[in-house]
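This is what each chain is made of:
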Amino acid sequence: MVLTEAELQSKLNDIIKAESLLDNITGIDELEKTIKNEKNIFIPSFLIDFKLNHRYVNAAKSIINSFSLYDQISGGSIKNISLEKSERLYPDYLLNNPETGQLLLWELKKDKQTEREAVTELLAYALEIKNHLPLIPNSDIKLVIVSTKFNTLLEHAISMVLLGTNFDILCLKANIVKNELKLSIHYPSAWSAIWQYDIPAKAFSSVSLMLEKKPEAELSLQWIKQIYNTSTDLIEFEGNKIGSSGFSFFWYNSFDEDISVPFGITICQINPYFFLQQSIDNGFKHNSNGPLAKYIIENESDFGTYYHPDSITNIANSARTFLNQYFRTYFEGFNNLEVILDPYCSFRGQALPTIVGSWGDVGDYFRYFYLKSCTDGASYFTENELKLEKAYKEPVVAFQIINVLTDRSHFKNGVFNFSAIYRFLKLLTSYSHICKIGFKSKNESEVIRAKLFYYSTELIGATKEIEYRISSFKHKISNPPLLSIFVHEAAKDIEEEINSFLIWLKEDFIGKENAMHHYVFNKLLLWCQFLNDDNLLKKALKKAFKDLDSDIGEFVKDYCKNIIEEAYIEKSSSYPFDIKPYLESILSIQINEKKIIKDSIFKEIDAIANKNLVDVFESMFLDFMDKTSSELFHELTDDIDFNSIDWKHLKDELVKRHKEGFKHTMVKITNNGEFYIGNLPEEKRFMGEIKDPKKEVFVEIDYSGFSSIHRWTWEEIISGKAFESHNSKKITNK
């Protein structure tokens, strides 16, 4: 039945007068379930793609709560609410919750009214409320729009209110059921998913505000503390005011030769131009011929990872005005976060953070991550970290959050493969050598304290990843030996502790059941020191090793020869991806797999200069090893309730995405039962594409920091057979 404007007005008026709004709205239970699932997330992904939904469900729930008690101020017989008699402002309904002081503005989408007008009128009425009640918070004005259908323009306008203002808005779809008006919660779907679950470090534009001390300025230690607290607050305030998202950190300059510039502030802001091109690079098909998309893509080199809009420097202006009293200030180091945090960058030896500020969506993430740790039993942070004076502004805490946010983990997606183990060993030995340099140096605090901070913070996060993996072991192993990781001072006995930890890592954590990893472990440990990319450490390690080119080169040759023999000569192994391009890139030779002669190609490989293979060991070969060998295997437990997952809805969504060209989508399930649609990680793409989404699906299951990916049929999922090894009951009615 199609509702006329008059019928909708009349029936809604009856419901409001009878104070039976809550009884006539369907979808409240599903709304509360969604919010409950969000609250249960422990270590959150940034989830750009779910930002609109996250904002909407919380806004909608807040408005629904206001319906528990209300007075009708206007409606039924529509009245002008303007303070000016000459103005005409006629909201369909204006209600007030006398307990909370919240005002509820209703707009019914009229038959002839454009989508644009419906939202424009709501915002005009909201402004008139501010005329009556100056400085009333936006959160105390609730917007409700009722319509029989929500077209694209209307949904975009609603989404802009949610993402661009502080107003809460609720969408109610009007339907007639047995001649009665029924209202159902409608979810705006204007957001086009780009499948972004974290923020890569290169997506943060960065710039440093340098503080050169004025000769006449005298700064006591206490005054310096006040300076960095005040400037951080001012930057946060400005960032929030302009609707930016990012973080900043005030730092001491550790460079002896540059004591005229004792401090700096590095500002990192999300570069919005980064994501569209990355989404397309990851295989997601968008309408890239549209004028805006085409412009962004064509100018990617200008707007890409090194783009710095005026907003990033404007954020610092209020703080700069304050700081100009004591310093000559200027900007330098226009870069991105990935560059400045890489070990080769001199920034890591210069900038020792003292306090971190955050704002916008990034600030929300910081606070959620930290406060969730404060209130949950299974905290990401240690008890000592949670007791630090500056809380999530404390650098040792904040940089762990930054590393999680930007996915700068050592064991990505919980995968313990060769390259991940190599990176961890490299980090562990780098930390050890930094500590040694510190003790040998007379001015330890000035030479190594900045480097020590970044290495130790990353190491703390990596050891936590290992601890999460151990916590899910079915068969318990011995606890890892103590590692004294200090952020601001060199640990005295760290070499002995690290040696004990390395033995435990090889013998207990990896174990002889992971034969290849066990065998290669000592080689990776030696090579990661030889190939260290930190200039300070290279100098310290130069005398410790003779030329290891031959050792690395011969290993690469032997491994590649074994792969060639198994795949092309004996044909005893097959791989779910084309290994030929990898072999040709690593070895710099041409391979005709149909005419391979063992002696001939092995002779050609043996003639390759070892130095050439060393050059590609980290950039290509480790990735090839990961793809052609299994990762660490551990038998794990989990307590996920797979029966609580709405598989039918997920199947419908995956079928829809497949038709749009997304061939590597999957269902991701966290260890606390939260689930959403994600994208198959790049390192797992060798598993191929989904050919028929109505028959099969990729499912990634997290186990407290470890994840496994399965290719299951829907029949296996519905019957529960897929989850038999996960202690799950049969899936029913899903």
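Residues numbered from 1 in each chain as written. Predicted model: local features only at pLDDT ≥ 70, side-chain atom pairs only at ≥ 80, totals over all residues. Heavy atoms only, no water.

1. With respect to the overall build of the chain
Counting its secondary structure elements, the chain contains 28 helices and 16 strands. Looking at the chain residue by residue over its 734 residues, the buried ones come to 55%. Pairs at least 24 apart in sequence give 72% of the contacts found in the chain among residues at least 6 apart. (Helix = DSSP H or I, 4+ residues; strand = E, 2+ residues; numbered from the N terminus. Buried < 20%, exposed > 50% of the residue type's maximum accessible area, 1.4 Å probe, protein only. Contact = heavy atoms within 4.5 Å.)

2. With respect to the pairing of strand β8 (residues 204–213)
Buried residues dominate β8, accounting for eight of its 10 residues. Note that β8 and strand β10 (residues 263–270) share eight bridges and pair antiparallel. Looking across to β10, one finds that Ser205 is bridged to Gln269. (Pairing = 2+ DSSP bridges.)

3. Quick word on the packing of aromatic side chains
Per the stated rule, a full pass over the model turns up 42 aromatic pairs. Ring centres 6.5 Å apart and planes at 20° place the aromatic pair Phe247 and Phe249 in the stacked group. Phe249 sits in the buried class, given a relative accessible area of 0%. Ring centres of Tyr559 and Phe624 lie 6.3 Å apart, and the angle between their planes is 80°; this geometry places the pair in the edge-to-face category. Placement of the pair is Tyr559 in helix α22 (residues 549–569) and Phe624 in helix α26 (residues 617–628), with a sequence separation of 65 residues. Owing to a relative accessible area of 0%, Phe624 belongs among the buried residues under this scheme. The ring of Tyr455 carries the charged tip of Arg348 above its face, separated from the ring centre by 4.7 Å. Sitting over the face of the ring of Phe602, Lys561 holds its NZ or CZ atom 5.4 Å from the ring centroid. (Phe/Tyr/Trp six-rings, centres within 6.5 Å; stacked < 30°, edge-to-face > 60°. Lys NZ or Arg CZ within 6 Å of the ring centre and 35° of its normal.)

4. Quick notes on the packing of α22 against helix α24 (residues 598–606)
Their axes nearest at 10 Å, the elements α22 and α24 cross at an angle of 160°. The orientation of α22 relative to α24 falls into the category roughly antiparallel. The hand of the α22/α24 crossing is right-handed. Between α22 and α24, the contacting residues are Lys557, Lys561, Ile564, Glu565 and Ile569 on the first element and Lys598, Ile601, Phe602, Ile605 and Asp606 on the second. (Axes fitted to C-alpha atoms, helices over the stretch in contact; angles between N-to-C directions. Parallel < 35°, antiparallel > 145°, perpendicular 65-115°, else oblique. Left-handed = near helix turned anticlockwise from the far one by under 90°.)

5. As for the environment of Arg328
For Arg328, the position within the fold is in strand β11 (residues 327–336). In this structure, the C-alpha to C-alpha distance between Arg328 and Met210, residues 118 residues apart in sequence, is 8.1 Å. If we ignore the near neighbours within four places in the chain, the residues touching Arg328 are Met210, Leu211, Glu212 and Lys214. Engagement of the side chain of Arg328 in a polar contact is seen with the side chain of Glu212, the distance being 2.6 Å. (Polar contact = N/O pair within 3.5 Å; in protein donor to acceptor, adjacent residues only side chain to side chain.)

6. Examining the confidence of the model for the chain
Scored by pLDDT, the chain comes out at a mean of 82, with 83% of its residues at no less than 70. Mean pLDDT values over the elements of the chain span from 63, in helix α21 (residues 535–541), up to 96, in strand β12 (residues 351–359). Every residue in residues 80–86 scores below 50 in pLDDT, and together they form 19 contacts with partners more than four places removed in sequence or on other chains. Residue range residues 728–734 is modelled with pLDDT below 50. Its contacts to residues more than four positions away, or to other chains, number 23 contacts. (pLDDT = per-residue confidence, 0-100.)

7. Considerations on the sheet that holds β11
What the five strands build is an open sheet, ordered β11-β8-β10-β9-β12; its pairing is antiparallel. On the outer flanks of this sheet lie β11 and β12, each paired with one strand and no other. On average, each strand axis in the sheet is inclined to that of its neighbour by 20°, with strand direction left out of account. Here helix α16 (residues 395–405) sits on the sheet in contact with β8, β9 (246–253) and β12, set at roughly 65° to β12.

8. Re the pattern of salt bridges
For the structure shown, the criterion picks out 24 salt bridges. Among the ionic pairs, Glu565 bridges to Lys598, the shortest N-O distance being 2.8 Å. In this pair, Glu565 is assigned in helix α22 and Lys598 in helix α24, connecting sequence segments 33 residues apart. With relative accessibility at 33%, the residue Lys598 sits in the partly exposed group. As a salt-bridge pair, Arg711 and Glu696 come within 3.2 Å of each other at their nearest N and O atoms. In this pair, Arg711 sits in strand β16 (residues 706–713) while Glu696 sits in strand β15 (residues 696–703), placing the two residues 15 residues apart along the sequence. Glu696 sits in the buried class, given a relative accessible area of 18%. Through salt bridges with shared partners, a single network forms among Arg55, Lys142 and Asp168. (Salt bridge = Lys/Arg side-chain N within 4 Å of Asp/Glu carboxyl O.)

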